[in-house]
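Analysis of the macromolecular model
Residues per chain are reported as follows:
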Amino acid sequence: MNKTPVTATSRTRQTPGLFFLLSAAITGYVFYRYSEGWLRSLLLSLSRSIWARRMVTGFGPAWRVASRFIAGESVEEAIAVARQLNAKGLKVALDYLGESVTQAEEANAARDQILLLLDRIHESGVDAYVSVKLSQLGVKIAENLALENLRALLTRARSYGLRVRIDMEESALVDTTFDIYRRLRHGEGFDNVGVVIQAYLYRSEEDVRWLIEEGAWVRLVKGAYKEPPTVAYARKADTDAAFIRLAEQLLSEQARSRGVHLAVATHDDAMIRAVQRYAETHHIPQDAYEFQLLYGIRRERQEQLASQGYCVRIYVPYGTAWYPYFMRRLAERPANLWFFVTNFFRA
Ligand SMILES: Cc1cc2nc3c(=O)[nH]c(=O)nc-3n(C[C@H](O)[C@H](O)[C@H](O)COP(=O)(O)OP(=O)(O)OC[C@H]3O[C@@H](n4cnc5c(N)ncnc54)[C@H](O)[C@@H]3O)c2cc1C
């Protein structure tokens, strides 16, 4: 990632593209009032675009906005942020940014960086586990490559008593992700691996059934990718209803007695309150589940939940490959997009 200001020459070269991106963003913001889904789709498409990535990451002020959501570039910066959050009573999930690698060398380099991260978590004593993406570990190159890389991470993590959660990516990867998860968890006995369920996918109702059966370690999210209506709910209201339904199933007496531990990952107060109400009504202790929020989003709410005695974990990404993560955060919140656009003008 280039954090240094671009030179006059490089900026001139980028100008037509920057104006295009800017116009797209402003037009998107105006259209947002009429069609929220349209803007979200545009930003999610840009998150996969190579030219948009080059343009945004090559433009210094973009980092100023992105750094609100990202702990820094190095493992030491990430550990420092974890320590600060721990001091406020917040637990942490650290994520070395990167996804959709196309070369085995990149996948292996990511694995090595995450091994280093595990070492640093252990040495520093911060209260943190690690989140990984299989596409970062090479699953789009070969399933076995990701399996071997994840096995190496789980082995190192287990030696330190740490856990590794597999983030869930686009729907095309869900079957493979669960396949690799099952092979490592059941085939090889790694009990320190967890997965993620996306409420917007129709299939999640079915997946939650077998995850409950096996007493899994599950994070529930709404889902952050651009998915067609053939596989995912298009309306926010439907996703929200599914989120609450799945949270209640994963918190049920049956699920807890089988060993399920649920992480409710959302910034949405309606979801948080629904889970709190369900837990209170069913006398579920606060330490039987946890809330998770992203670094830099709703900081006051994070601390408030912790001060009310809830277990709260903050997902902290770091590293140089921040572009797709950043674009997904913009897609979720138009106010962030506006902040981004005004920074382009100020630059
Ligand atoms: C810890 C964590 C891990 C995640 N892991 C994954 C994963 O593995 N795979 C995946 O697909 N997705 C993941 N996500 C992203 C998730 O799928 C959603 O895209 C993201 O959380 C946005 O949905 P939401 O539930 O926060 O609420 P939204 O539906 O986006 O927002 C609902 C309401 O929440 C409030 N809100 C939301 N954002 C803000 C904000 N920035 N400031 C103030 N209020 C806000 C507002 O009131 C808003 O109206 C993860 C999210 C978290 C928190």
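Our subject is the structure that appears above.
Residues numbered from 1 in each chain as written. Predicted model: local features only at pLDDT ≥ 70, side-chain atom pairs only at ≥ 80, totals over all residues. Heavy atoms only, no water.

What follows deals with the packing of helix α10 (residues 236–251) against helix α12 (residues 269–281). Axis separation between α10 and α12 bottoms out at 10 Å; the angle between their running directions is 30°. It follows from the interaxial angle that α10 and α12 lie roughly parallel. Pair α10 / α12 crosses with right-handed handedness. Packed against α10, whose contacting residues are D240, F243, I244, A247, E248 and L251, the element α12 presents M271, A274, V275 and Y278 at the interface. (Axes fitted to C-alpha atoms, helices over the stretch in contact; angles between N-to-C directions. Helix = DSSP H or I, 4+ residues; strand = E, 2+ residues; numbered from the N terminus. Parallel < 35°, antiparallel > 145°, perpendicular 65-115°, else oblique. Left-handed = near helix turned anticlockwise from the far one by under 90°. Contact = heavy atoms within 4.5 Å.)

Attention now moves to the pairing of strand β8 (residues 312–318). Here β8 lies mainly inside the structure; 7 of its 7 residues are buried. The two faces of β8 match: V312, I314, V316 and Y318 on one face and R313, Y315 and P317 on the other face are all buried. Here strand β1 (residues 91–96) runs beside β8; their pairing, made up of 6 bridges, is parallel. Residue L94 lies in a different strand from β8, and its bridge partner there is V316. Pairing geometry for strand β7 (residues 289–294) and β8, over 4 bridges, is parallel. Looking at β8, one finds that F291 is bridged to V312. (Buried < 20%, exposed > 50% of the residue type's maximum accessible area, 1.4 Å probe, protein only. Pairing = 2+ DSSP bridges.)

This model, assessed by the stated rule, comprises 11 aromatic pairs. Note on W63 and W322: the rings are 5.6 Å apart at their centroids and 55° apart in plane angle, and the pair reads as tilted. Of this pair, W63 sits in helix α4 (residues 60–66) while W322 sits in the loop between β8 and α14 (323–332), and the two are 259 residues apart along the sequence. For the pair W63 and W322, one class covers both residues: buried. For the ring pair Y289 and F291, a centre distance of 5.6 Å and an interplane angle of 85° mean the geometry is edge-to-face. (Phe/Tyr/Trp six-rings, centres within 6.5 Å; stacked < 30°, edge-to-face > 60°.)

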